[in-house]
Amino acid sequence: MTSTFGNVPHPPFVDRLIPDTHNRAWDDLGQRKPIGVCQHSMLGSLWGTDAYFRRGAASRALTDYGIGGSTDGGQGDGVILRWNDPLGRGTAVDIDGVSHRVSANRAPWANGGSDDLEGDGPAFVRKLGIAAINRDLVSIERSDGGIESTPMSPKQFESICALTAHWFDHARVPWEQFPFNPGAGVTTHMLHYEFASKTCPFAPVTNRIAELQNRIRQILKAGQTLGQPAPATTPAPLAPSPVQPADDWWPQGYAIDALAARFGVLMKKEADGTERPARFDPKGVISNAWVARGVAEQRTVAQLPIALRWWVLHSNEDQRCDLVTFDDRWTLFRPDQHVAWTWIA
Ligand SMILES: [Zn+2]
């Protein structure tokens, strides 16, 4: 059976595009091209989060979508708000009679931080590079009314699944392979904690991931096999999540021992002047960003630049920025602990 793409509709949504003047918590990392979804929980209400994202310079976060739940009342349960366009189309929005610019290719700081990779996170960064986290994943937050243990309501569950299925179909992921994206070569249905030292989207979502993925797979299957003749035999029930590639996948020719030796010792200098060595970490975000860039530039392990220094440039109770330098002037920068690392040189 072949899959036909393009028949999984975008579920109804309320367009609440947030203009640049209200929020700068995004980067232009080039053309946005969704290959999957990263799921979050708000620690807030649907409309409270809508207001939170419209505070100008005080807005330090942005996501593409928010989905209401049981704590948002009958009018909000299951409602999808779109705050940012995953396709990166620039436009303008009219607010109280004034036209406000919405820049093209806004990659929200949604999935960022990227300070602690786990689960499918290391393979994602290793294969696709650090910029893909916010540029190539659609970020979807669910409302929890400010309490992380709030269960997903049936309407919220269904809206999350319908929206996620739409974007996976858009990314041309066949239903039998979801959550693995064969075009990207990695799993691209992600949970925020896989990139960050947080537990977001918390137990009500993480405990139901198999249920979510099975429902998403059903919606994908319905759209992708639309119009095809019914099979002669009764189809088997949907299998649980397919076997996923082990997360110890490494690019051809890259051996972990050789990478560790080449990386060397990264001296991390804290803001208080103390120093400590950091070594190659197969699950580390810096290590995997370094590998991904090496692959992208078609370098052998021996051609990879050695790690030099990690500077913690500024520190107070809630903000610091980090700079990591390598040989050949490779430079990684993170403007804030909650923002993804980016290559600035
Ligand atoms: Zn999150």
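Residues numbered from 1 in each chain as written. Predicted model: local features only at pLDDT ≥ 70, side-chain atom pairs only at ≥ 80, totals over all residues.

**What to know about the overall build of the protein chain**
Scanning the protein chain from N- to C-terminus turns up 8 helices and 18 strands. Taken over the C-alpha trace, the protein chain has a radius of gyration of 21 Å; the compact-globule value for 345 residues is 20 Å, and the two agree within 12%. By principal-axis analysis of the C-alpha atoms, the protein chain measures approximately 60 × 55 × 35 Å. Sequence separation of at least 24 residues holds for 74% of the intrachain contacts in the protein chain that already meet a minimum separation of 6. (Helix = DSSP H or I, 4+ residues; strand = E, 2+ residues; numbered from the N terminus. Rg over C-alpha atoms; globule rule 2.2 N^0.38 Å. Contact = placed C-beta atoms within 7 Å.)

**Comments concerning the domain arrangement of the protein chain**
We note that the domain assignment places domain 1 (14-224) and domain 2 (256-343) within the protein chain. Measuring from the centre of the C-alpha atoms in domain 1 to the corresponding centre in domain 2 gives 27 Å. Each partner contributes residues to the interface: domain 1 has 19 residues there, and domain 2 has 17 residues. Secondary structure elements with two or more residues in the side of domain 1 that touches domain 2: α2 (121-128) and α3 (132-135). Sort the elements by how many residues they give to the side of domain 1 that touches domain 2 and α2 lands first, with 5 residues. Here the side of domain 1 that touches domain 2 is built from residues that sort into 8 nonpolar, 5 polar and 6 charged. (Domains from an automatic or database assignment. Nonpolar A, V, L, I, M, F, W, Y, C, P; charged D, E, K, R; others polar.)

**Quick look at the pairing of strand β17 (residues 331-334)**
Every second residue of β17 is oriented toward a common face, the buried set being Leu 332 and Arg 334 and the non-buried set Thr 331 and Phe 333. Relative to β17, strand β16 (residues 320-326) runs antiparallel, the two being bridged by 4 bridges. If you follow Asp 322 over to β17, its bridge partner there is Arg 334. Between β16 and the antiparallel strand that follows it, β17, lie 4 residues; Asp 328 among them carries a positive phi value of about 60 degrees. Pairing geometry for β17 and strand β18 (residues 342-343), over 2 bridges, is antiparallel. For Phe 333, the partnering residue across the bridge sits in β18 and is Thr 342. (Buried ≥ 20, exposed ≤ 12 C-beta atoms within 10 Å, placed from the backbone. Pairing = 2+ DSSP bridges.)

**A look at the sheet that holds strand β3 (residues 36-41)**
Taken together, 6 strands build an open sheet; the order of strands is β1-β5-β4-β9-β3-β12 and the sheet is mixed. The strands lining the two open edges of the sheet, one partner per strand, are β1 (14-15) and β12 (189-191). Running at roughly 175 degrees to strand β9 (residues 137-142), helix α4 (residues 154-170) makes contact with β3, β4 (65-67), β5 (80-82) and β9 of the sheet. (Axes fitted to C-alpha atoms, helices over the stretch in contact; angles between N-to-C directions.)

**Notes on helix α8 (residues 285-296)**
Since the α-helix packs 3.6 residues into each turn, any two residues three or four apart lie on the same face. The terminal C-alpha atoms of α8 lie 16 Å apart, and with 12 residues this matches the ideal 16 Å at 1.5 Å per residue to within 8%. Across the 12 residues that make up α8, a large majority, 9, are buried. Those residues of α8 hidden inside the fold are in contact with α2, α7 (256-263), β16 and β17. Where α8 ends, the next residue or the one after it, Gln 298, has phi of about 55 degrees, a positive value. (Expected span 1.5 Å × (residues − 1).)

**Describing the environment of Thr 71**
For Thr 71, the position within the fold is in the loop between β4 and β5. A C-alpha to C-alpha distance of 9.2 Å links Thr 71 and Ser 153, two positions 82 residues apart in sequence. In this structure Thr 71 touches Ser 45, Ser 143, Gly 145 and Thr 150, once residues within four positions along its chain are discounted.

**A few points about the packing of α2 against α8**
For any two helices packed against each other, the geometry comes down to the angle between their axes and how far apart the axes lie. α8 packs onto α2 with a crossing angle of 30 degrees between their chain directions and a minimal axis gap of 6 Å. On the basis of the axis angle, α2 is roughly parallel to α8. Residues Pro 122, Val 125, Arg 126, Lys 127 and Leu 128 of α2 lie in contact with α8, whose contacting residues are Val 285, Asn 288, Ala 289, Val 291 and Ala 292. Grouping the constituent residues of the contact of α2 with α8 by class yields 7 nonpolar, 1 polar and 2 charged. (Parallel < 35°, antiparallel > 145°, perpendicular 65-115°, else oblique.)

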